[in-house]
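Close look at the chain arrangement
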Amino acid sequence: SLLVIVLFLTGYFHIIQKDNSKRILYPSTIILGTLAHTVLVLSAIAIIRPVLFGEGAAIFTIIYSIAAANGLIEALIAVLIGTPIILALQQIQKNR
């Protein structure tokens, strides 16, 4: 999963360096927001109920594994749903 994250960040940096960086603004904001939400929720669960994740240093490994597996899928689905909604709302606002 670390390889996927590194490849994603490398591709993201390459796209931002191009002139079309405005097209990537909304999806990247959605991705970062969704991943931050995933990490915060999993961390809060680990603080409130650490028994759910196990004991000791394994908690961080489990949180990372869940965030990497489910968080990336959740972020990509959020981009597929959120970006067209944002673009449609901008079009509606522009037509008013």
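For the structure given in this document, a descriptive report is provided here.

The rules we used
- Residues numbered from 1 in each chain as written.
- Predicted model: local features only at pLDDT ≥ 70, side-chain atom pairs only at ≥ 80, totals over all residues.
- Heavy atoms only, no water.
- 1 Å grid on protein atoms, 1.4 Å probe; cavity = no way out; pocket = protein on both sides within 12 Å on 5 of 7 lines; lining within 4 Å.
- Points joined across faces, edges and corners; volume = space filled by probe spheres on them.
- Helix = DSSP H or I, 4+ residues; strand = E, 2+ residues; numbered from the N terminus.
- Nonpolar A, V, L, I, M, F, W, Y, C, P; charged D, E, K, R; others polar.
- Core = buried A, V, L, I, M, F, W, Y, C linked by side-chain atoms within 4.5 Å.
- Buried < 20%, exposed > 50% of the residue type's maximum accessible area, 1.4 Å probe, protein only.
- Contact = heavy atoms within 4.5 Å.
- Patch = residues over 30% accessible without salt bridge, like charges linked within 9 Å, V, L, I, M, F, W, Y side chains within 5 Å.
- Areas by Shrake-Rupley, 256 points an atom, 1.4 Å probe, with all protein chains shown as cover.
- Salt bridge = Lys/Arg side-chain N within 4 Å of Asp/Glu carboxyl O.

**Brief notes about the layout of surface pockets**
The computed volume of the largest pocket comes to approximately 220 Å³. Around the largest pocket, the lining residues are Ile5, Phe8, Leu9, Ile31, Leu32, Leu35, Val39, Ile63, Tyr64, Ala67, Ala68 and Leu72. Broken down by secondary-structure element, the contributors of at least two residues to the lining of the largest pocket are helix 1 (2-17), helix 2 (21-48) and helix 3 (58-95). Here the residues of the lining of the largest pocket are counted per class, giving twelve nonpolar, no polar and no charged.

**Points about the nonpolar core**
Buried together is how nonpolar side chains tend to be arranged in soluble globular proteins. Formed by Leu42, Ala46, Ile59, Ile63 and Ala67, the largest nonpolar core amounts to five residues. At the level of secondary structure, the elements contributing two or more residues to this core comprise helix 2 and helix 3. It is helix 3 that contributes the most residues to this core, three residues altogether. When residues no more than four places from it in sequence are discounted, the contact partners of Ala67 are Thr38, Val39, Leu42 and Leu72.

**Digging into a nonpolar patch on the surface**
Taken together, the side chains of Ile73, Ile77, Leu80, Ile81, Ile85, Leu89 and Ile92 define a hydrophobic patch exposed on the protein surface, amounting to about 720 Å² of accessible area. Turning to its location among the elements, Ile92 is positioned in helix 3. Exposure remark for Ile92: the relative accessible area of 46% places this residue in the partly exposed category.

Coordinates in, geometry out; function isn't part of it.
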